[in-house]
Amino acid sequence: VRSSAASDVYKRQVSTQSTGSNKQTKQIQMDSAKNNQERAEGKSEEWSGWAKDKIGGLIGNEQMQAEGKGEQLKGEAKQEHAKFKERVIGTTEQIGGAIKKDVGKLIGNEQMEAEGKATELKGQAREHVNK
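A few points on the structure. (Residues numbered from 1 in each chain as written. Predicted model: local features only at pLDDT ≥ 70, side-chain atom pairs only at ≥ 80, totals over all residues. Heavy atoms only, no water.)

What follows concerns helix α3 (residues 110–129). With 20 residues, α3 extends 28 Å between its outermost C-alpha atoms, agreeing within 8% with the 28 Å of an ideal straight helix rising 1.5 Å per residue. Along α3, the residues that are buried comprise G116, E120, G123, R126 and E127. Down the axis of α3, the smallest arc covering the buried residues is 120°, so these residues share one side. Those residues of α3 that are exposed and aimed more than 90 degrees away from the buried face are E110, Q111, H128 and V129. Of the residues flanking the start of α3, the one acting as N-cap is N109, its side-chain oxygen 3.2 Å from the backbone nitrogen of Q111. (Helix = DSSP H or I, 4+ residues; strand = E, 2+ residues; numbered from the N terminus. Expected span 1.5 Å × (residues − 1). Buried < 20%, exposed > 50% of the residue type's maximum accessible area, 1.4 Å probe, protein only. Arc of directions from axis to C-beta. Polar contact = N/O pair within 3.5 Å; in protein donor to acceptor, adjacent residues only side chain to side chain.)

The subject of this paragraph is a nonpolar patch on the surface. Residues I95, I99, V103, L106 and I107 make up a contiguous nonpolar surface patch of roughly 520 Å² in combined accessible area. When you line up the elements, V103 lands in helix α2 (residues 62–107). (Patch = residues over 30% accessible without salt bridge, like charges linked within 9 Å, V, L, I, M, F, W, Y side chains within 5 Å. Areas by Shrake-Rupley, 256 points an atom, 1.4 Å probe, with all protein chains shown as cover. Salt bridge = Lys/Arg side-chain N within 4 Å of Asp/Glu carboxyl O.)

Written as structure tokens, this is what we have:
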């Protein structure tokens, strides 16, 4: 009876951890999608500013040129901000993955260890892509 009760408690803990992990994964995916949207908006703003700068230069409108350069810088800043947030997510994934990997190794759970390593590598890749 005791082993059955202990098994039930373990299953509930694993289920709860899995649900929490799924929520975290969904949140990371949503944050990442927002960051991708922000990067796209930033790139669009950068290109729009570049065009405005060049047109202002062609027609001799210094104010238009200055506005264009300002829009370019704002777009670049928006992109860098999104990349920074992605690097933070990557670092979080790396740390969480490393902990999960080490706990899996400590308790002899190869699946947990492998999942942790995969998450750690995913975080490293996310950081590398957003440098």
